[in-house]
Amino acid sequence: MNLIIGSHVSYKTDTSLLGSVEEALSYKANTFMFYTGAPQNTNRSSINLNKVQEAKKLMLDNNIDINNVIVHAPYIVNLANPNNFDFSVSFLKQEVKRCYDLGINKLVLHPGSAVNVSVEEAINNIIKGLNLILDNNYNVKILLETMAGKGNEIGRSFEQLNSIIKEVKHQDKIGVCLDTCHINDAGYDISNFDLILDKFDQIIGLDKLMCIHLNDSKNDINSHKDRHENIGFGTLGFDNLIKIIYNKKVENIPKILETPYIDYENNKRVFPPYLFEIKMIREKKFNPNLITDIINYYK
Ligand code: FE
Ligand code: FE
Ligand code: ZN
């Protein structure tokens, strides 16, 4: 089966997309996801188009299809909050343009959080914002992420996501990114993934599922916590995650790891787990010594 797998990677201004591709290749990935700057702020610098050209060549040489590459919008952007609505809309308009300049057609977005407003108002603000942002000539889709339901997060159920999606004018530009940790924490039993896909199909439509965030969870089902765990080391477990990854219905959907870095000597250094997690996934065999193997490889 055709497995499209990668992880979150860094993006630095000087190396631009080329540095991100090189990092993805170091994990033996065939796709990747990145933030166009720091995830927690909205400072963004202009794109080095020469590096983007080099990156595209390197992707071609290594069978990475840019159509499977994902950008993640910074998580402080909140379309639900009326107080910085205008800023969020203008930032996301620019972010869509940046994706277009990079040649990337999928932008993952946390729908928003109902701060100082009712859930209904929050949803209406998100719809209004999306319709303003998507009114453009760029071939870039916004993928709303399924959220854990921490605090006032919007997007905690397929029904809630669909109440937004169905009001979006440009239906060809809206999709969903399903995060396995988040849906577990939101109350979905991932041990029967076929049932989840059936539900998703009935409520939203499977054609809208365009990315999977592949994470184990540190917490139990319905905990509304959102703390990711390394593959096979959390409450979801290796076998359940393998069943999700190799489910035929999601074969052509990019799968992105956002699992935590491995701490070495009390955070003196941290190491990415992705090379070893991808290896486990390709081999369909859990590695109980994952953490020590990672430390021995990078230290
Ligand atoms: Fe996310
Ligand atoms: Fe995620
Ligand atoms: Zn998360």
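Right above here is the structure, for reference.
Residues numbered from 1 in each chain as written. Chains lettered and ligands numbered in written order. Predicted model: local features only at pLDDT ≥ 70, side-chain atom pairs only at ≥ 80, totals over all residues. Heavy atoms only, no water.

A.B. asks: Talk me through the environment of Val-96; I want residue IDs and the actual numbers.
C.D. replies: Here Val-96 lies in helix α3 (residues 85–102). Along the backbone, Val-96 and Val-71 are 25 residues apart, and their C-alpha atoms lie at a distance of 9.5 Å. If we skip the residues at most four places from it in the chain, Val-96 touches Leu-107, Ile-133, Asn-136, Tyr-138, Val-140 and Ile-142. (Helix = DSSP H or I, 4+ residues; strand = E, 2+ residues; numbered from the N terminus. Contact = heavy atoms within 4.5 Å.)

A.B. asks: Describe the coordination of the iron ion (ligand 2), and please don't skip the residues or the numbers.
C.D. replies: For the iron ion (ligand 2), the full set of protein donor atoms is Glu-145 (OE), Asp-179 (OD), His-213 (ND1) and Glu-258 (OE), and the range of their distances to it is 2.1 to 2.2 Å. Between the 4 donor atoms coordinating the iron ion (ligand 2), the angles at the centre fall across 83 to 170 degrees, so the site counts as irregular. Considered as a linear motif, the donors of the iron ion (ligand 2) on their single chain read E-x33-D-x33-H-x44-E. Between the iron ion (ligand 2) and the iron ion (ligand 1), a spacing of 3.2 Å is present, and a bridge between the two is formed by Glu-145. Residue Glu-145 is found in strand β6 (residues 141–145), and its partner Glu-258 is found in the loop between β12 (255–257) and β13 (262–264); the two are separated by 113 residues along the sequence. Glu-258 shares its class with Glu-145; the two are buried. (Donors = N, O, S within 2.8 Å, 3.2 Å for Na, K, Ca; no water. Tetrahedral: all angles 85-135°; square planar, octahedral: opposite > 155°, others 65-115°. Buried < 20%, exposed > 50% of the residue type's maximum accessible area, 1.4 Å probe, protein only.)

A.B. asks: Requested: an account of the coordination of the zinc ion (ligand 3), with residues and values cited.
C.D. replies: Surrounding the zinc ion (ligand 3) are the protein donor atoms His-182 (NE2), Asp-226 (OD) and His-228 (NE2), which sit 1.9 to 2.3 Å from the metal. Read from N- to C-terminus, the donor residues coordinating the zinc ion (ligand 3) fall into the pattern H-x43-D-x1-H. The distance between the zinc ion (ligand 3) and the iron ion (ligand 1) comes to 5.4 Å. You can see His-182 sitting in helix α6 (residues 180–186) and its partner Asp-226 sitting in the loop between β10 (216–217) and β11 (228–229), a full 44 residues away along the chain. His-182 sits in the buried class, given a relative accessible area of 2%. Using a relative accessible area of 17% as the deciding quantity, one classes Asp-226 as buried.

Note that all results are geometric; they support no functional claim without further evidence.
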